[in-house]
Amino acid sequence: MSARRQEVDPELYSEARSAIRGQLEASVNEIDAQELVCEELYQRFEHYSWVGIYVVEGDELVLSAWAGEEETEHTTIKVGEGICGLAAATGRTEIVPDVTEREEFIACFPSTRSEIVVPILGPDGVLGEIDIDSDDLDAFDDRDRSLLEDVAARLARVMTGGV
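To keep things clear, this report deals only with the structure shown in the data block. Values in this document were obtained by computation on a predicted structure and should not be read as measured data.

Moving on to the packing of helix H2 (residues 30–44) against helix H4 (residues 142–159). Remark: H2 packs on H4, axes separated minimally by 9 Å, with the N-to-C direction vectors making an angle of 165°. Considered as vectors, H2 and H4 are oriented roughly antiparallel to each other. In this structure, H2 crosses over H4, and the sense of that crossing is right-handed. Within the contact between the two elements, H2 uses Glu30, Ala33, Gln34, Val37 and Leu41 and H4 uses Leu147, Leu148, Val151, Leu155, Val158 and Met159. When the residues that make up the contact of H2 with H4 are grouped by side-chain class, the tally is 9 nonpolar, 1 polar and 1 charged.

So this is what it looks like as C-alpha coordinates:
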(Lines give C-alpha, C1' and ligand atoms only; values in the text may rest on other atoms or scores of the structure.)
Protein backbone atom coordinates (compact mmCIF):
# COMPACT_ATOMS: atom_id res chain seq x y z
CA MET A 1 0.00 0.00 0.00
CA SER A 2 1.34 3.43 -0.90
CA ALA A 3 1.95 6.01 1.74
CA ARG A 4 0.02 9.24 1.89
CA ARG A 5 1.78 12.21 0.42
CA GLN A 6 4.34 14.11 2.43
CA GLU A 7 3.53 17.65 3.55
CA VAL A 8 4.22 20.23 0.84
CA ASP A 9 5.63 23.66 1.63
CA PRO A 10 2.77 26.11 0.96
CA GLU A 11 5.27 28.54 -0.60
CA LEU A 12 5.87 26.01 -3.37
CA TYR A 13 2.35 26.60 -4.68
CA SER A 14 2.77 30.37 -4.97
CA GLU A 15 6.22 29.95 -6.53
CA ALA A 16 4.82 27.54 -9.10
CA ARG A 17 1.88 29.85 -9.86
CA SER A 18 4.23 32.81 -10.46
CA ALA A 19 6.69 30.83 -12.56
CA ILE A 20 4.00 29.30 -14.75
CA ARG A 21 2.20 32.63 -15.15
CA GLY A 22 5.39 34.32 -16.37
CA GLN A 23 6.30 31.49 -18.71
CA LEU A 24 2.81 31.30 -20.20
CA GLU A 25 2.82 35.02 -20.88
CA ALA A 26 6.00 34.50 -22.90
CA SER A 27 4.95 31.27 -24.63
CA VAL A 28 4.81 31.26 -28.41
CA ASN A 29 2.01 28.76 -29.07
CA GLU A 30 -0.38 26.41 -27.31
CA ILE A 31 1.75 23.27 -27.77
CA ASP A 32 4.77 24.97 -26.20
CA ALA A 33 2.53 26.27 -23.41
CA GLN A 34 1.11 22.82 -22.70
CA GLU A 35 4.55 21.18 -22.66
CA LEU A 36 5.88 23.91 -20.39
CA VAL A 37 3.00 23.46 -17.91
CA CYS A 38 3.45 19.69 -17.79
CA GLU A 39 7.19 19.90 -17.22
CA GLU A 40 6.97 22.73 -14.68
CA LEU A 41 4.34 20.94 -12.57
CA TYR A 42 6.06 17.57 -12.77
CA GLN A 43 9.44 19.02 -11.74
CA ARG A 44 8.12 21.17 -8.88
CA PHE A 45 5.82 18.73 -7.06
CA GLU A 46 7.13 15.38 -5.86
CA HIS A 47 3.61 14.03 -5.38
CA TYR A 48 2.81 14.62 -9.08
CA SER A 49 3.93 11.28 -10.54
CA TRP A 50 2.65 12.02 -14.06
CA VAL A 51 1.24 15.20 -15.61
CA GLY A 52 -0.63 15.25 -18.89
CA ILE A 53 -2.73 17.62 -20.93
CA TYR A 54 -5.48 16.28 -23.12
CA VAL A 55 -7.29 18.42 -25.70
CA VAL A 56 -10.84 17.90 -26.87
CA GLU A 57 -11.14 16.79 -30.49
CA GLY A 58 -14.76 16.01 -31.32
CA ASP A 59 -15.99 13.47 -28.76
CA GLU A 60 -12.49 12.44 -27.69
CA LEU A 61 -9.69 13.65 -25.46
CA VAL A 62 -6.31 13.42 -27.19
CA LEU A 63 -3.04 13.52 -25.25
CA SER A 64 -1.21 16.66 -26.34
CA ALA A 65 1.64 16.99 -23.81
CA TRP A 66 2.95 15.08 -20.82
CA ALA A 67 5.78 14.82 -18.29
CA GLY A 68 6.70 11.78 -16.25
CA GLU A 69 8.60 8.52 -16.44
CA GLU A 70 6.73 7.33 -19.54
CA GLU A 71 3.83 8.11 -21.84
CA THR A 72 0.52 6.50 -20.98
CA GLU A 73 -1.03 4.00 -23.37
CA HIS A 74 -4.25 6.01 -23.01
CA THR A 75 -3.48 8.67 -25.59
CA THR A 76 -7.14 8.92 -26.60
CA ILE A 77 -10.11 8.80 -24.20
CA LYS A 78 -13.79 9.17 -25.06
CA VAL A 79 -15.49 12.16 -23.44
CA GLY A 80 -17.63 10.69 -20.65
CA GLU A 81 -15.38 7.67 -20.00
CA GLY A 82 -13.15 7.37 -16.94
CA ILE A 83 -12.30 10.22 -14.61
CA CYS A 84 -10.80 12.25 -17.46
CA GLY A 85 -13.87 11.81 -19.62
CA LEU A 86 -16.15 12.69 -16.70
CA ALA A 87 -14.32 15.98 -16.07
CA ALA A 88 -14.53 16.80 -19.79
CA ALA A 89 -18.25 15.99 -19.89
CA THR A 90 -19.16 17.99 -16.78
CA GLY A 91 -16.59 20.80 -16.92
CA ARG A 92 -15.83 20.22 -13.23
CA THR A 93 -12.62 19.35 -11.43
CA GLU A 94 -12.47 15.74 -10.26
CA ILE A 95 -10.32 14.75 -7.28
CA VAL A 96 -10.01 11.03 -6.59
CA PRO A 97 -8.25 10.34 -3.25
CA ASP A 98 -8.15 6.57 -3.83
CA VAL A 99 -8.58 5.32 -7.41
CA THR A 100 -9.50 1.82 -6.21
CA GLU A 101 -12.78 3.28 -4.91
CA ARG A 102 -13.91 4.57 -8.33
CA GLU A 103 -14.93 1.82 -10.74
CA GLU A 104 -14.85 4.22 -13.72
CA PHE A 105 -11.14 4.91 -13.16
CA ILE A 106 -9.01 4.02 -16.20
CA ALA A 107 -5.54 3.04 -14.96
CA CYS A 108 -2.77 4.75 -16.88
CA PHE A 109 -0.13 3.26 -14.62
CA PRO A 110 -0.33 0.39 -12.09
CA SER A 111 1.34 2.58 -9.46
CA THR A 112 -1.33 5.32 -9.54
CA ARG A 113 -3.18 5.68 -6.24
CA SER A 114 -4.90 9.09 -6.65
CA GLU A 115 -5.77 11.50 -9.44
CA ILE A 116 -6.89 15.06 -10.09
CA VAL A 117 -8.37 16.18 -13.40
CA VAL A 118 -8.95 19.88 -14.05
CA PRO A 119 -10.87 21.00 -17.14
CA ILE A 120 -9.49 23.79 -19.32
CA LEU A 121 -12.58 25.89 -19.93
CA GLY A 122 -12.99 28.14 -22.96
CA PRO A 123 -15.83 30.51 -23.81
CA ASP A 124 -17.68 27.73 -25.68
CA GLY A 125 -16.99 24.80 -23.34
CA VAL A 126 -14.20 22.43 -22.39
CA LEU A 127 -11.04 22.83 -24.50
CA GLY A 128 -9.07 20.15 -22.70
CA GLU A 129 -7.84 19.20 -19.26
CA ILE A 130 -4.89 18.83 -16.97
CA ASP A 131 -4.63 15.24 -15.69
CA ILE A 132 -2.29 14.44 -12.80
CA ASP A 133 -1.66 11.02 -11.29
CA SER A 134 0.06 10.36 -7.99
CA ASP A 135 1.58 7.22 -6.57
CA ASP A 136 0.44 8.46 -3.13
CA LEU A 137 -3.03 8.00 -1.66
CA ASP A 138 -5.03 11.18 -1.06
CA ALA A 139 -2.32 13.24 -2.74
CA PHE A 140 -4.40 16.26 -3.80
CA ASP A 141 -6.02 18.97 -1.72
CA ASP A 142 -7.54 22.43 -2.17
CA ARG A 143 -4.11 23.97 -2.79
CA ASP A 144 -3.60 21.65 -5.76
CA ARG A 145 -7.11 22.40 -7.03
CA SER A 146 -6.61 26.16 -6.72
CA LEU A 147 -3.23 26.13 -8.45
CA LEU A 148 -4.35 23.84 -11.25
CA GLU A 149 -7.61 25.70 -11.88
CA ASP A 150 -5.60 28.92 -12.17
CA VAL A 151 -3.13 27.27 -14.56
CA ALA A 152 -6.03 25.83 -16.59
CA ALA A 153 -7.59 29.30 -16.92
CA ARG A 154 -4.28 30.71 -18.13
CA LEU A 155 -3.86 27.83 -20.59
CA ALA A 156 -7.38 28.52 -21.90
CA ARG A 157 -6.34 32.08 -22.73
CA VAL A 158 -3.32 30.78 -24.65
CA MET A 159 -5.41 28.15 -26.45
CA THR A 160 -8.02 30.70 -27.53
CA GLY A 161 -5.52 33.42 -28.45
CA GLY A 162 -6.52 35.62 -25.55
CA VAL A 163 -3.20 35.89 -23.65
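Glancing now at the environment of Tyr13. Along the chain, Tyr13 turns up in helix H1 (residues 10–26). Put simply, Tyr13 and Leu41 are 28 residues apart on the chain and 9.9 Å apart in space, counted from C-alpha to C-alpha.

Here the focus is the nonpolar core. Counting 32 residues, the largest nonpolar core has Leu41, Tyr48, Ile130 and Ile132 as its most contacted members. Elements represented by at least two residues in this core include exactly H1, H2, strand E1 (50–57), strand E2 (60–68), strand E5 (114–122), strand E6 (125–134) and H4. Per element, the largest residue contribution to this core is 8 residues, and it comes from H4. Setting aside anything within four residues of it in sequence, one finds Ile132 in contact with Leu41, Tyr48, Trp50, Val51, Ser114, Glu115, Ile116, Phe140 and Leu148. Tyr54, Ile77, Ile83 and Val117 belong to the second-largest nonpolar core, a separate cluster that totals 12 residues.

Basis of the calculations
- Residues numbered from 1 in each chain as written.
- Predicted model: local features only at pLDDT ≥ 70, side-chain atom pairs only at ≥ 80, totals over all residues.
- Heavy atoms only, no water.
- Axes fitted to C-alpha atoms, helices over the stretch in contact; angles between N-to-C directions.
- Helix = DSSP H or I, 4+ residues; strand = E, 2+ residues; numbered from the N terminus.
- Parallel < 35°, antiparallel > 145°, perpendicular 65-115°, else oblique.
- Left-handed = near helix turned anticlockwise from the far one by under 90°.
- Contact = heavy atoms within 4.5 Å.
- Nonpolar A, V, L, I, M, F, W, Y, C, P; charged D, E, K, R; others polar.
- Core = buried A, V, L, I, M, F, W, Y, C linked by side-chain atoms within 4.5 Å.
- Buried < 20%, exposed > 50% of the residue type's maximum accessible area, 1.4 Å probe, protein only.

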